[in-house]
Amino acid sequence: LIDPIWLPSGASQGVPPSEMEGVCSNRSDHFFGFTGVEFNLGQVITRDLLTEAHKHNLRLTFAKKTEGSEEEVLISEGAEGSEGSKACEDAALSEVWLARSVWKVCLQPHESFSPSWLARVLLLQTLGSTLLSMVIVYLVVNKLEYQRLLTKMLPRKVVQRLVSGQQFVERFETVTILFSDIVQYTQMASTMQPVQVMRMLNEVYTLFDQLAEEHGVYKVETIGDAYMVVGGAPDAEAGPEAAARVARFGMAILEAVKDFSTSDGLKVRIRVGISSGPVVAGVVGTSMPRYCLFGDTVNTCSRMESTGKAGMIQISHFTKKLLDESGVLFSVSERVSANGPGIEIKGKGFMQTYFLMGIEDDEEETTEDPEEDEAEPEGQHPKLLTI
């Protein structure tokens, strides 16, 4: 770009570095401490050097400062900067004393200077920022999906406690629990392929899941053909309101299975039991955590279902009391056995129970008339133990 020559002295001839004041040199005329670039003032005057510098977006400035004078006299300037730009800013600067004058040589990029590598760096920066943004979005979406699936398995407040390393145990004074199962499920399963059984249960429970969400009840779990929900937990709610919510859900699932048939063409009948009372809720163990309910209310509800009738909802006396206080006119029918009102419940003795027939304001009741059915052997559902 620039031909190296000796800077001029006061005379018109060039002076070698070894004869210049303030310049270090050795006998081989290799010198240092001056500048890496030397200029021919004649070329500067003809502006050849300035033109060449301008082509490369460089600002080349020669300034002369007389000894004893603070004022600098600009002799020549290459590419012009914008108005108000500072001379020799971020530049390679060299000063040499010659003939009682200081010659200042300043070489700096022009303000419009753009390195050849800048576009590639900006492209890489843009691509890097885009990739980083995509990774962050991916991680955030995955985390939200993970939390969504986790809250489908456990209540949100339970997840928060478990994540913080705390054990979760909570007592509820009054909740209402519902059990339902498929009538003659054992006989049906024995004549079906396992994949057909799984498909049938999946279709039935998917329908129940939708109805549970619509009615605001919490699905606790499924055990075989047993489907369990609760009202009043994990979010506490007044007893009568929770009982009414669960009762409406029970009537909804009975109505839903009336015209329901699986993809294999199977018709399904269910029976439902509802009971209310105190429970303790919590998560037991650390592997495969599940939100479970413990207490005699769970056992009683299981008995209400197992001793019920196909297409009917059997409720306990305490549940009837809560429904009467809910402000909704539920229609119930007292169950009567050969020994009078009530039935004998294994492990409980004689209990007064009722069939929930519907809501009196509705045009038609949702449950069928009580009828005898081929009930499966009475027993408590596995894993639903009284504590």
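Small disclaimer: the values here were computed from a predicted structure and weren't measured.

Digging into the pairing of strand β7 (residues 169-182)
Here's step 1: Sheet analysis places β7 next to strand β10 (residues 270-283), joined by 12 bridges and oriented antiparallel. Of the residues in β10, the one forming a bridge with Ile177 is Ser275.
Here's step 2: Here β7 pairs with strand β9 (residues 226-231) via five bridges, running antiparallel. Bridge pairing in β9 places Thr176 opposite Gly231.

A short note on helix α6 (residues 194-215)
Structurally, the α-helix is built with 3.6 residues per turn, so residues lying three or four positions apart point the same way.
Here's step 1: Helix length check: α6, at 22 residues, gives a terminal C-alpha distance of 31 Å against a target of 32 Å (1.5 Å per residue), a fit within 8%.
Here's step 2: Taken together, the buried positions of α6 are occupied by Val197, Met200, Leu201, Val204, Tyr205, Phe208, Leu211 and Ala212. One face of α6 carries all of its buried residues, which in axial projection span an arc of 110°. Opposite the packed face of α6, turned more than 90 degrees from it, sit the exposed residues Met198, Glu213 and Glu214.
Here's step 3: Taken together, the buried residues of α6 touch β7, α5 (185-190), β8 (218-223), β9, α7 (239-258) and β10.
Here's step 4: The positive-phi residue at the C-terminal boundary of α6 is Gly216, with phi of around 70°.

Considering the packing of α6 against α7
Here's step 1: Close contact between α6 and α7 brings their axes to 10 Å; oriented N to C, the two are set at 145°. When the axes of α6 and α7 are compared, the crossing they make is right-handed. Touching Leu207, Phe208, Leu211, Ala212 and His215 of α6 are Arg245, Arg248, Phe249, Ala252, Ile253, Ala256 and Val257, all from α7.

Some thoughts on the pattern of salt bridges
Here's step 1: In the structure shown here, the tally under the stated rule is 12 salt bridges.
Here's step 2: Residue Glu145 is joined to Arg148 by a salt bridge in which the shortest nitrogen-to-oxygen separation is 2.7 Å. Of this pair, Glu145 and Arg148 are both found in helix α3 (residues 118-153), three residues apart, which corresponds to roughly one turn of the helix.
Here's step 3: We classify Arg148 as partly exposed; its relative accessible area is 40%.
Here's step 4: Among the ionic pairs, Lys219 bridges to Asp209, the shortest N-O distance being 3.2 Å. Here Lys219, found in strand β8, pairs with Asp209, found in helix α6; they are 10 residues apart in sequence, far enough to count as distant.
Here's step 5: Given the relative accessible area of 30%, Asp209 is considered partly exposed.

As for α7
Here's step 1: Over its 20 residues, α7 runs 29 Å from end to end, which matches the ideal 28 Å to within 8%, given 1.5 Å per residue.
Here's step 2: A large share of α7 lies buried, amounting to 14 of its 20 residues.

Criteria and cut-off values
- Residues numbered from 1 in each chain as written.
- Predicted model: local features only at pLDDT ≥ 70, side-chain atom pairs only at ≥ 80, totals over all residues.
- Heavy atoms only, no water.
- Pairing = 2+ DSSP bridges.
- Helix = DSSP H or I, 4+ residues; strand = E, 2+ residues; numbered from the N terminus.
- Expected span 1.5 Å × (residues − 1).
- Buried < 20%, exposed > 50% of the residue type's maximum accessible area, 1.4 Å probe, protein only.
- Arc of directions from axis to C-beta.
- Contact = heavy atoms within 4.5 Å.
- Axes fitted to C-alpha atoms, helices over the stretch in contact; angles between N-to-C directions.
- Left-handed = near helix turned anticlockwise from the far one by under 90°.
- Salt bridge = Lys/Arg side-chain N within 4 Å of Asp/Glu carboxyl O.

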